[in-house]
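Breakdown of the fold
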Amino acid sequence: QVQLVESGGGLVQAGGSLRLSCAASGRTFSSYAMGWFRQAPGKERELVAAINWRLYTYYATSVKGRFTISRDNAQNTVALQMNSLKREDTGVYSCAARWQAIATTPTDYNYWGQGTQVTVSS
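We now turn to the structure provided with this report. Note that the coordinates shown come from a computational prediction; the quantities given were computed from them, not determined experimentally. Per-chain numbering applies: the sequence of each chain, read as written, is numbered from 1 onward. Where totals are concerned, whole chains, interfaces and linings use all residues; where local detail is concerned, this predicted model gives features only for residues with pLDDT of at least 70, and gives and counts side-chain atom pairs only at 80 or more. Side-chain measures were taken over the full set of non-hydrogen atoms in the model, leaving aside hydrogen atoms and water.

**Considerations on the side chain of Thr116**
Applicable threshold: A helix here means a DSSP run of H or I that spans at least four residues, while a strand means a run of E at least two residues long, and both kinds are numbered starting from the N terminus. Any N or O atom pair separated by 3.5 Å or less is treated as a polar contact, with the protein-specific requirement of one donor-capable and one acceptor-capable atom, and with residues adjacent in sequence counted only for side-chain atom pairs. Contacts: residue pairs with any heavy atoms within 4.5 Å of one another.
Within the element layout of this structure, Thr116 appears in strand β11 (residues 116-121). A distance of 3.3 Å separates a polar atom in the side chain of Thr116 from the backbone nitrogen of Gly9. Apart from the residues lying within four places of it in its own chain, the contact partners of Thr116 are Glu6, Gly9, Leu20, Gly91, Val92 and Tyr93.

As structure tokens, then:
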């Protein structure tokens, strides 16, 4: 079992930055692929960034060059640094975990946090 708790959401002006953090329980955290998903109002949940156990990373095209995902296996945390935020980045951000390999489909992830709201104003 893996329990995930996100923090760091909030309201920010366009062009600003936010850092999201996800704290995980479990002794095998380092073996999990971790993803950050975003769900905007009226839209489907989408993967914005992910990192696997070998530190391979994936980014959605819309966030490449602006977002950075990282993990600290000693602390059982994964972070999402979001820079140059745009209004279209607004949504509920959730971290998710699945064993080893990155997947882009939400249903492929077994464990989810409760989500944190990110609102980008113009």
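After that view, the rundown keeps rolling.
**Overview of the packing of aromatic side chains**
Between two aromatic rings, the relevant description is the distance of the centres plus the angle of the planes. What counts here: Note on aromatic pairs: the rings of Phe, Tyr and Trp (six-membered ring only in Trp) are paired at centre separations within 6.5 Å, and the planes decide the class, stacked below 30 degrees, edge-to-face beyond 60, tilted for the rest. In our convention, an over-ring charge means Lys NZ or Arg CZ found within 6 Å of a ring centre and within 35 degrees of that ring's normal.
In total, this model carries five aromatic pairs according to the counting rule given. Linked through ring pairs, Tyr32, Trp99 and Tyr111 together constitute an aromatic cluster. We note Arg98 situated over the ring of Tyr109; from NZ or CZ to the ring centre the distance is 6.0 Å.

**Focus: the pattern of salt bridges**
Here is the rule we go by: One side-chain nitrogen of Lys or Arg within 4 Å of one carboxyl oxygen of Asp or Glu is enough to make a salt bridge. Only protein chains enter the calculation, and the probe is 1.4 Å; a residue is then buried if its accessible area is under 20% of its type maximum, exposed if over 50%, and partly exposed in between.
Summed over all chains, the structure comprises three salt bridges. Asp89 is the salt-bridge partner of Arg66, the closest N and O atoms lying 2.7 Å from each other. Pair noted here: Arg66 is in the loop between β6 (57-59) and β7 (67-72) and Asp89 is in the loop between β8 (77-82) and β9 (91-99), with a separation of 23 residues, a long-range link. With respect to burial, Arg66 and Asp89 carry one shared label: buried. Bridged by salt links that share partners, the residues Arg38, Glu46, Arg66 and Asp89 form one connected network.

**Focus on unusual backbone geometry**
A negative phi angle is the norm for most residues apart from glycine, just as the trans form is the norm for most peptide bonds. At Asn76, a residue that is not glycine, the phi angle is positive and equals roughly 55°. Despite not being glycine, Gln100 shows a phi value in the positive range, around 60°.

**Comments concerning the nonpolar core**
The nonpolar side chains of a soluble globular protein tend to be buried with one another. To keep things clear, this is the line we draw: We call a set of buried residues a nonpolar core when its members are Ala, Val, Leu, Ile, Met, Phe, Trp, Tyr or Cys and they connect through side-chain atoms within 4.5 Å of each other.
The biggest cluster of nonpolar side chains holds 29 residues, and the ones touching the most others in it are Leu4, Met34, Trp36, Ile69, Leu80, Met82 and Tyr93. Contributions of two or more residues to this core are made by β3 (18-24), β4 (32-39), β5 (46-51), β7, β8, β9 and β11. Sort the elements by how many residues they give to this core and β3 lands first, with four residues. Here Tyr93 is in contact with Glu6, Leu20, Trp36, Phe37, Arg38, Val48, Phe67, Leu80, Met82, Gly115, Thr116 and Val118, once residues within four sequence places are set aside. Ranked by size, the runner-up nonpolar core spans six residues in total, among them Leu47, Ala50, Ala96 and Ala103.

**Examining the sheet that holds β8**
Selection rule: Between any two strands, pairing holds if DSSP finds at least two bridges. Between N-to-C directions, angles cover 0 to 180 degrees, with each direction set by a line fitted to C-alpha atoms, over the stretch in contact for helices.
The antiparallel open sheet is built from four strands, whose spatial order is β1-β3-β8-β7. Looking at the sheet topology across the chains shown, the edges are occupied by β1 (4-7) and β7. Between one strand axis and the next, the sheet turns by 15° as a mean value, whatever way the strands run. As paired elements, β1 and β3 share four bridges and run antiparallel to each other.

Coordinates in, geometry out; function isn't part of it.
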